[in-house]
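Remarks on the overall topology
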Amino acid sequence: MKRFDRYVLEEILPYLLSGLAVVILLLLLAALQSVIAPLLAKGAAPVLVLRLVALQVPEAVSRGLPIALLFAAMLGLSRLSSDAELKAAQSGGLSGTRLFWPVLGLSLGVALLSFTVAETLVPRAKVQALQVQRDIVLDNPRVLGLGAGPGSSGGVVLKDALGRAISVAQVQPGGQLTGLRIVTLRDGQSAREVITARRGQLRGSVLVLQDGLRITYQDTRPVTVVRFQSGTLPVQDLQASLSAGDELLPIYQPLPTLIANVQGLKARGIVSPRDFTALQRKFAEPLAAVSMAFFAVALSIYSLRSGLNVGLVWVLMLTFAYYATWSVFRVLGETGALSAVLAAWTPTLIYLAAGLALLGVAARR
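Read on for a plain summary of the structure. (Residues numbered from 1 in each chain as written. Predicted model: local features only at pLDDT ≥ 70, side-chain atom pairs only at ≥ 80, totals over all residues. Heavy atoms only, no water.)

This paragraph deals with the overall build of the chain. Helices and strands together make up the secondary structure of the chain, namely nine helices and seven strands. Counting across all 365 residues of the chain, residues that qualify as buried make up 46%. Sequence separation of 24 or more characterises 66% of the internal contacts of the chain that already satisfy a separation of 6 or more. When the accessible surface of the chain is totalled, it reaches about 18200 Å², and 62% of it is carbon and sulfur. (Helix = DSSP H or I, 4+ residues; strand = E, 2+ residues; numbered from the N terminus. Buried < 20%, exposed > 50% of the residue type's maximum accessible area, 1.4 Å probe, protein only. Contact = heavy atoms within 4.5 Å. Areas by Shrake-Rupley, 256 points an atom, 1.4 Å probe, with all protein chains shown as cover.)

See below:
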């Protein structure tokens, strides 16, 4: 690595690490406000809540890396420009475009790291988070407003990796479950089997049922009906959602699984904007780091030739602009208001187009 490249990276990397720490902190604070604080207020076990917080970190890292790089590159290059170090480099025979190589090289590494974390750590962390939420619910039913006494409300739906939905009318203190209904679905979402039980309790990976009824179906018609006094039902990766939309979303599925699901949906002629958008986001969000690095260098070259000083306020505004744009287009894609390709790639392409425009203006100066 040449001395100039190393010098530029040494200027950017500290900002990248500090920016990533800030982004992770902000995302965790958002979780604290929406989920963690209510859980603690309702008496959830602090150890379980801390585990839940820790399991949010991988997603924060994966999502925060491109944003942190944009912040770091703009701030680091702005500092070099304001101190006339880039002009000194030009006087020594280095062109402004020489900045592209170290910054874009760093951006490729950031994109690869973001993609790797999203494909390896995030899916496992999300499954474990839903399992921790299950433990929180069973340990203290008050977190969902459940209980045995007056004022108890609603119920909870648990899900497992075998495609079963377990509806529970009440969670009693000590983890006793009442009013259970277990539904196993077919691929077409019609019921294959329904089990109801008056009482039950989760013991490890086995659900012990008391006083129940098991009905199997074929083409929506009951085939067998069996009553039982007691029975056991093995469950796998049992999960609980603490809020609406808290289930394992398509974006959290490993890429091979998501591709297979999308291909299956297309083969059956089913339009699922959430799945289609998630598949595009798998690639667009990590590669946003490259687009942002390109924009940051283009802005630095433009500033160098125009005398514009990009301060901290502008850096923060341009960094926030990506997050705001990403949020809007993600919702548009998942609701089907915009095609999956446009919804996923537009925030990335905006910065690429802006960088090209800045280079075009700088070339005419």
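For R134, the position within the fold is in helix α5 (residues 100-139). The exposure class assigned to R134 is buried, which follows from its relative accessible area of 15%. Contact partners of R134, with chain neighbours within four places excluded, come to L202, L238, Q239 and A240.

Spatial ordering of the open sheet is given by β6-β5-β4-β3-β2-β1-β7, a layout of seven strands whose pairing is antiparallel. Two strands bound the open sheet, and with one partner strand each, they are β6 (221-234) and β7 (239-240). Sheet analysis places strand β4 (residues 191-203) next to strand β5 (residues 206-218), joined by ten bridges and oriented antiparallel. Bridge assignment links L202 to a residue of β5, and that residue is L207. (Pairing = 2+ DSSP bridges.)

Right, let's talk about the packing of aromatic side chains for a bit. Across all of its chains, the model carries four aromatic pairs by this definition. Aromatic pair F115 and F283: ring centres 6.2 Å apart, planes at 20°, arrangement stacked. Here F115, found in helix α5, pairs with F283, found in helix α7 (residues 273-306); they are 168 residues apart in sequence, far enough to count as distant. Relative accessible area serves as the criterion here: at 25%, F115 is assigned to the partly exposed category. Note on Y323 and W326: the rings are 5.6 Å apart at their centroids and 35° apart in plane angle, and the pair reads as tilted. A residue pair is termed a helical-turn pair when its members lie 3 or 4 positions apart in one helix, as Y323 and W326 do in helix α8 (residues 312-334) at three residues. Here W326 falls in the buried class, since its relative accessible area comes to 8%. Grouping aromatic residues by their ring pairs yields a cluster made of F295, Y322 and Y351. (Phe/Tyr/Trp six-rings, centres within 6.5 Å; stacked < 30°, edge-to-face > 60°.)

Remark: helix α2 (residues 46-54) packs on α5, axes separated minimally by 9 Å, with the N-to-C direction vectors making an angle of 160°. Taken together, the axes of α2 and α5 are roughly antiparallel relative to one another. The chirality of how α2 crosses α5 is left-handed. Seen from α2, the contacting residues are L48, R51 and L52; seen from α5, they are A129, V132, Q133, D135, I136 and D139. Broken down by class, the residue content of the contact of α2 with α5 amounts to five nonpolar, one polar and three charged. (Axes fitted to C-alpha atoms, helices over the stretch in contact; angles between N-to-C directions. Parallel < 35°, antiparallel > 145°, perpendicular 65-115°, else oblique. Left-handed = near helix turned anticlockwise from the far one by under 90°. Nonpolar A, V, L, I, M, F, W, Y, C, P; charged D, E, K, R; others polar.)

By the definition in use, this model includes four cavities of 30 Å³ or more. Computed from the structure, the largest cavity encloses a volume of approximately 270 Å³. Lining the largest cavity are 17 residues, with S62, R63, A118, R281 and E285 positioned closest to its centre. If one sorts the elements of the lining of the largest cavity by residue count, helix α3 (residues 57-82) sits on top with five residues. (1 Å grid on protein atoms, 1.4 Å probe; cavity = no way out; pocket = protein on both sides within 12 Å on 5 of 7 lines; lining within 4 Å. Points joined across faces, edges and corners; volume = space filled by probe spheres on them.)

With a phi angle near 55°, D211 is a residue other than glycine that sits in the positive phi range. In this structure, D211 sits in strand β5. The exposure class of D211 is partly exposed, given its relative accessible area of 28%.

Summed over all chains, the structure comprises ten salt bridges. D135 serves as the salt-bridge partner of R134, at 2.9 Å between the closest nitrogen and oxygen. Ionic pairing is found between R330 and E334, a salt bridge with its closest N-O pair at 3.3 Å. In this pair, R330 and E334 both sit in helix α8, four residues apart, roughly one turn of the helix. When its relative accessible area of 26% is taken as the criterion, E334 is described as partly exposed. A single salt-bridge network, built from bridges that share partners, covers R281, E285, R330 and E334. (Salt bridge = Lys/Arg side-chain N within 4 Å of Asp/Glu carboxyl O.)

A word on the packing of α8 against helix α9 (residues 340-363). Between α8 and α9, the least distance of the axes is 8 Å, while the angle of their chain directions is 160°. Between α8 and α9, the crossing angle belongs to the class labelled roughly antiparallel. As for the relative orientation of α8 and α9, their crossing is right-handed in sense. Residue-level inspection shows L318, A321, Y322, T325, W326, F329 and G333 of α8 in contact with α9, the latter providing L342, A343, T346, P347, I350 and Y351. Residues belonging to the contact of α8 with α9 are distributed by class as follows: ten nonpolar, three polar and no charged.

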